[in-house]
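# Coordinate analysis (summary)
Each chain, letter by letter, is given below.
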Amino acid sequence: MGKEMIESSPARLRFTLGFKFIGVLILVLIPMMLASGLIMVNQVRQIVTEDINKKSKSYANFLAKVSRQGVKEPDLIILKRYIGEISLDKDVLYILVADTKNRPLAHSDKKTENLTGALEVTLPIFYKGERTGYIRIWYSFSRVADELTSGVQHILFLLIGLFVVMMGLIMFVISEQMIFNRIGIIIKGMKQVQRGDLSTRIEKLGNDELGYLALQFNQMVKRVEENQQELTLLFEVSRAMTAALDINLIIDMVVQLTVGDLQASSCCIFLVGDGMGFNIRGSRGLSDKFINSNGISLLEDLAQKSLMYNEPVVLDDFRHTNPGLQSLLKQENIAMVINIPLLIGDRKLGVLNINAKDSLTFPPERIELLTAFARQLAVALQNAQLYERTQQFSKELEEKINIATTDLARANERLRLANEKLQDLNKAKSDFIAIVSHELRSPLTSILGFTDLLLQGETGALDPTQKDFIDIINQNTKRLIDLINNLLNLSKIEAGRVELKKEPLDLEKTVHGVIHNFRTLIAEKKLVIRVAPSAEVLPPIIADENQLARVLTNLLANAVKYTAAGAEIIVKLSDKGDVVQVDVLDGGNGIESRDMTHMFERFYRAPKAKAENIVGTGLGLAIAKSIVEMHGGRIWAESPIGAADKEFFSWDKRGGSGAKFSFTLPK
Amino acid sequence: MGKKVLIVDDEPGVVKMVRFLLEKNSFGVVSATEGEEGVKLAAQEKPDLILMDIMMPSIDGNEATRRLKDNEITRNIPIIMLSALGQEGDVAKSLELGAIDYIVKPFHPQELLERVKKILG
Ligand SMILES: Nc1ncnc2c1ncn2[C@@H]1O[C@H](COP(=O)(O)OP(=O)(O)O)[C@@H](O)[C@H]1O
Ligand SMILES: [Mg+2]
């Protein structure tokens, strides 16, 4: 496609157009010329004929005048005389005058016998409007021929002229073709360049102006191409540089570029270090001799100075620098020192130093290019520095994490071992508790049984002190038994050895069953227990009946224990949508708010309970909580002591402050 | 004469206490302090009720119960377990073997008496 377009170049187009033009010119001009030739011959003939006619007419008039009444009644002598005069006209060969009846009246002397080929003109002679006769004149044809010849000659000249003009035109067109052709070549070249093909060159086009133009064109394109190559190189290095995150790699690229590709003789990169001075980070092209003579530190001084400016500092005249440097530079053959500061905003990263053997190597536009490049270099260096720092940082972090991780792993391992041990211990503990509680139960059976029997007076009446002491033994035995039972329960629950046997059950029935177990205690204390059944029909709940009974037992045991004699205890059941709620309300002393949070903890007993000498182990609520939570329920307590809302205790007619223990069970 | 109750328990204190309680309430009491002896005595004495401890040397209360239930002569004697093992599993196991009731130690003598009376009418 592209190729075809190059071929239909303007030169070729003009060329074919030129030929067409010439063809059309020939086709149109030649018939035109022929036609105009014919027209002209005809015109000459007309002119001649008219001329003769006019002449004849004037002769006729003349004769009419001079012969008085014309030739009606002619004075023949005079007529003859005038005829003679007319015939003096050298064109006139012979004149004959006749009357109306065509009888000859007079005639001239015949100049020639043979009148054939002569032009014969007959005209009437009028006198006062009346035709009086005729004049017949024979003209020599030579004049007509002469006239004609001269006309044809004119035409010929015209044709030749035209032909010459045409040839000229053709010649012009052809030469034009050639110019077009050559301009076309240049245009083609320009187009190619325009399309970005900078390798385009125009072949030699001769030594004229066009040839010179082509030469200039080639030189221009060559420079553009060189610039372009340099630019591409700079761009590529810039890109590679910005992508590289290793400072040394970047510096390698830069010295390779400047010394290898941009014809610098040597190059250094000075970077501002952590302290005040420079770090030389890379150099190339400097001789050992120069380096050994401390040349670099002299260059460094120059660089340091250039850092004060924010633009490149170019030195190609060293007369004012220190003589040591002067001689060293001369020795090193350096004619130009360029120092370009590497800047990121106001931050000075360092200096790019480029040296050349010839001060023409880096004209201003190249220095400009280098400056742009230096900006990229600064960015790349900054990136690399940042990267270096983050690398360092992440390395440190990694080390720290490693340490932390190993620490953590060790801690985890310790924890795992501890956990295993704990589990073993837990099992051992509950095994131990099971065994111990069994071993405790047998002797306790005797103690409880005998003290019961003694107290019941089965062995005879006891005196008050005996009764009191045995009662104490009996009470403490019960306490011990409670403790053992609760410990056993809790340890089983905590060891995860309790498996719930969940089944649908009638909560109300369970509640009544538990209350039934308290009948003796209740009777002893003269308490009233009332079950306030739900307003709605309670749905059956799914729970482990034995465990649920244990929860109720523990709550009721507390209610009975902590309520003064004669008060009322209410168990309330209600359907709360997703859950069924059980409230146990008592008429006791209530719970201080500071005890509220601890009550469900193992072995926690409110100071008041201890002070009042109410027997307990502090395990009942902990067990109840464990069981309720195993069922997916919630347990909590409320007490009006310190609480603003005493509303829910309004049921207590005896005015005891009381406590309310509530738990829920999912349906 | 009242009904006869056999008590099998390795704890002499318990045996003594139960004996006192029952005799006071006009029951005849025989006792054994270990399982095998208890099984033998049951066949001999044909008591109206047996109170059986579980954790005992030689054969335990459950094994003794099984043997008693295997024997034509003793099969129909009601057995109440009296045990310090109070877990559900323990109770269920004994009831399965044919025990009629299960009382967890320690117990109030009054409670035992009530249960015994309930069975022996
Ligand atoms: N109904 C109640 N009224 C007042 N205080 C109570 C009530 N129930 C429990 N408490 C307090 O909570 C503590 C923990 O109860 P619990 O775990 O059952 O142990 P215990 O009853 O054996 O002391 C009790 O010691 C008591 O101080
Ligand atoms: Mg309690």
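Quick caveat: nothing in here was measured; it's all calculated off a predicted structure.

Analysis parameters
- Residues numbered from 1 in each chain as written.
- Chains lettered and ligands numbered in written order.
- Predicted model: local features only at pLDDT ≥ 70, side-chain atom pairs only at ≥ 80, totals over all residues.
- Heavy atoms only, no water.
- Contact = heavy atoms within 4.5 Å.
- Buried area = accessible area lost by both parts, 1.4 Å probe.
- Salt bridge = Lys/Arg side-chain N within 4 Å of Asp/Glu carboxyl O.
- Helix = DSSP H or I, 4+ residues; strand = E, 2+ residues; numbered from the N terminus.
- Nonpolar A, V, L, I, M, F, W, Y, C, P; charged D, E, K, R; others polar.
- Buried < 20%, exposed > 50% of the residue type's maximum accessible area, 1.4 Å probe, protein only.
- Lys, Arg positive; Asp, Glu negative; His and termini not counted.
- Polar contact = N/O pair within 3.5 Å; in protein donor to acceptor, adjacent residues only side chain to side chain.
- Near = heavy atom within 4 Å.
- Pairing = 2+ DSSP bridges.
- Patch = residues over 30% accessible without salt bridge, like charges linked within 9 Å, V, L, I, M, F, W, Y side chains within 5 Å.
- Areas by Shrake-Rupley, 256 points an atom, 1.4 Å probe, with all protein chains shown as cover.
- Core = buried A, V, L, I, M, F, W, Y, C linked by side-chain atoms within 4.5 Å.
- pLDDT = per-residue confidence, 0-100.
- Axes fitted to C-alpha atoms, helices over the stretch in contact; angles between N-to-C directions.
- Phe/Tyr/Trp six-rings, centres within 6.5 Å; stacked < 30°, edge-to-face > 60°.
- Lys NZ or Arg CZ within 6 Å of the ring centre and 35° of its normal.

## Some remarks on the interface of chain A and chain B
- On the side of chain B, 22 residues touch chain A, which itself brings 23 residues to the contact.
- Of the roughly 1,900 Å² buried between chain A and chain B on both sides combined, carbon and sulfur atoms contribute 61%.
- Where chain A touches chain B, the interface holds one salt bridge.
- Looking at the side of chain A that touches chain B, the elements with two or more residues in it are α10 (364-455), α11 (464-494) and α14 (545-562) of chain A.
- Sorting elements by how many residues they give to the side of chain A that touches chain B places α10(A) first, with 11 residues.
- Counted by class, the side of chain A that touches chain B contains six nonpolar, nine polar and eight charged residues.

## Quick look at the side chain of A:Arg605
All names here are of chain A.
- Secondary-structure assignment places Arg 605 in the loop between α15 (593-596) and α16 (607-611).
- Despite being buried, Arg 605 has no salt bridge partner; Glu 612 is the closest side chain of opposite charge, sitting 8.9 Å away.
- Within the local environment of Arg 605, its side chain forms a polar contact with the backbone oxygen of Ile 614, the two atoms lying 2.7 Å apart.
- Aside from chain neighbours lying at most four places away, what touches Arg 605 is Tyr 562, Lys 610, Ile 614, Val 615, Gly 616, Thr 617 and Gly 618.

## Thoughts on the side chain of B:Thr65
- Within the element layout of this structure, B:Thr65 appears in helix α3 (residues 61-70).
- Here B:Thr65 is in contact with B:Met52, B:Ile79, B:Met81 and B:Leu97, once residues within four sequence places are set aside.

## Brief notes about the site of ligand 1
Residue and element names in this part refer to chain A.
- Taken together, 19 residues are adjacent to ligand 1, and Asn 558, Asp 586, Arg 605, Thr 617 and Leu 621 come closest.
- Interatomic distance of 3.0 Å between a backbone N/O atom of Ala 606 and an oxygen atom of ligand 1.
- Contacts to ligand 1 include Thr 617, whose backbone N or O atom sits 2.7 Å from an oxygen atom.
- Among the elements of the structure, α14 and α17 (620-630) are those that each provide at least two residues to the shell around ligand 1.
- The element that contributes the greatest number of residues to the shell around ligand 1 is α14, accounting for three residues.
- In terms of residue class, the shell around ligand 1 is built from 10 nonpolar, six polar and three charged.

## Thoughts on the pairing of strand β8 (residues 336-344) of chain A
All names here are of chain A.
- Counted residue by residue, β8 has eight buried out of nine residues, so it is predominantly covered.
- Bridging between β8 and strand β9 (residues 347-356) involves nine bridges; their strand directions are antiparallel. Among the inter-strand pairings, Leu 343 is bridged to a residue of β9, identified as Lys 348.
- Linking β8 to β9, which pair antiparallel, is a turn of two residues; within it Gly 345 sits at a positive phi near 60 degrees.

## So, a nonpolar patch on the surface
- Where nonpolar side chains cluster on the molecular surface, the patch consists of A:Val24, A:Leu27, A:Val28 and A:Met32 and spans about 400 Å² of accessible area.
- Relative to the elements of secondary structure, A:Met32 occurs in helix α2 (residues 10-66).

## Details of the pattern of salt bridges
All names here are of chain A.
- Inspection of the entire model under this criterion finds 24 salt bridges over all chains.
- The partner of Asp 407 in a salt bridge is Arg 410, with the nearest N and O atoms 3.6 Å apart. Here Arg 410 and Asp 407 lie together in helix α10, a separation of three residues that amounts to about one turn.
- Exposure remark for Asp 407: the relative accessible area of 39% places this residue in the partly exposed category.
- The partner of Lys 660 in a salt bridge is Glu 638, with the nearest N and O atoms 3.8 Å apart. Of this pair, Lys 660 sits in strand β16 (residues 660-666) while Glu 638 is found in strand β15 (residues 635-638), placing the two residues 22 residues apart along the sequence.

## Observations concerning the nonpolar core
Residues and elements named next belong to chain A.
- Formed by 46 residues in total, the largest nonpolar core has its most connected members in Leu 507, Leu 548, Phe 661 and Phe 663.
- Sort the elements by how many residues they give to this core and α14 lands first, with eight residues.
- Residues within four places of Leu 548 in sequence aside, it is in contact with Leu 505, Leu 507, Thr 510, Ile 541, Ala 543, Phe 663 and Leu 665.
- In this structure, Leu 234, Val 259, Leu 342 and Ala 356 belong to the second largest nonpolar core, which totals 34 residues.

## Description of the environment of B:Gly86
- When you line up the elements, B:Gly86 lands in the loop between β4 (79-83) and α4 (88-97).
- Distance in space between the C-alpha atoms of B:Gly86 and B:Ile103 is 8.2 Å, their sequence separation being 17 residues.
- Filtering out sequence-adjacent residues up to four positions away, B:Gly86 remains in contact with A:Arg441, B:Val91 and B:Val104.

## Remarks on the confidence of the model for chain A
Residue and element names in this part refer to chain A.
- With 91% of its residues at a pLDDT of 70 or more, chain A shows a mean pLDDT of 82.
- Averaged over each element, pLDDT in chain A is lowest for helix α1 (residues 2-7) (38) and highest for α17 (94).
- Note that residues 1-11 has pLDDT below 50 and, in this model, nine contacts with residues that lie over four places away or in other chains.
- Contacts for the low-pLDDT stretch residues 651-655, under 50 throughout, to residues beyond four places or in other chains number 11 contacts.

## A word on the sheet that holds strand β2 (residues 104-107) of chain A
Residue and element names in this part refer to chain A.
- Read from one edge to the other, the open sheet built from four strands follows the order β2-β1-β4-β3, with strand pairing classed as antiparallel. With partners counted over all chains shown, the strands left at the sheet margins are β2 and β3 (119-127), one partner each. Going across the sheet, the axis of each strand differs from the next one's by a mean of 20 degrees, ignoring polarity.
- As judged from the seven bridges shared by strand β1 (residues 92-99) and strand β4 (residues 130-139), these two strands associate in the antiparallel manner. Bridged to Asp 99 within β4 is Gly 133.
- Most of the contacts of helix α3 (residues 76-86) go to β2, to which it runs at about 45 degrees, and overall it touches β1 and β2.

## Some words on the packing of aromatic side chains
Residue and element names in this part refer to chain A.
- What the rule picks out here adds up to two aromatic pairs over all chains.
- On the numbers, 5.2 Å between centres and 40 degrees between planes, the contact of Tyr 94 with Trp 138 is tilted. With a gap of 44 residues between them, Tyr 94 in strand β1 and Trp 138 in strand β4 connect regions that are remote in the sequence. The exposure classification of Tyr 94 matches that of Trp 138, with both residues buried.
- Note on Phe 600 and Phe 661: the rings are 6.3 Å apart at their centroids and 70 degrees apart in plane angle, and the pair reads as edge-to-face. Here the residue Phe 600 occupies a position in the loop between α15 and α16, and Phe 661 occupies one in strand β16, the gap between them amounting to 61 residues. For the pair shown, Phe 600 and Phe 661 are each scored as buried.
- Directly above the aromatic system of Trp 636 lies the positively charged group of Arg 634, at a separation of 4.1 Å from the ring centroid.

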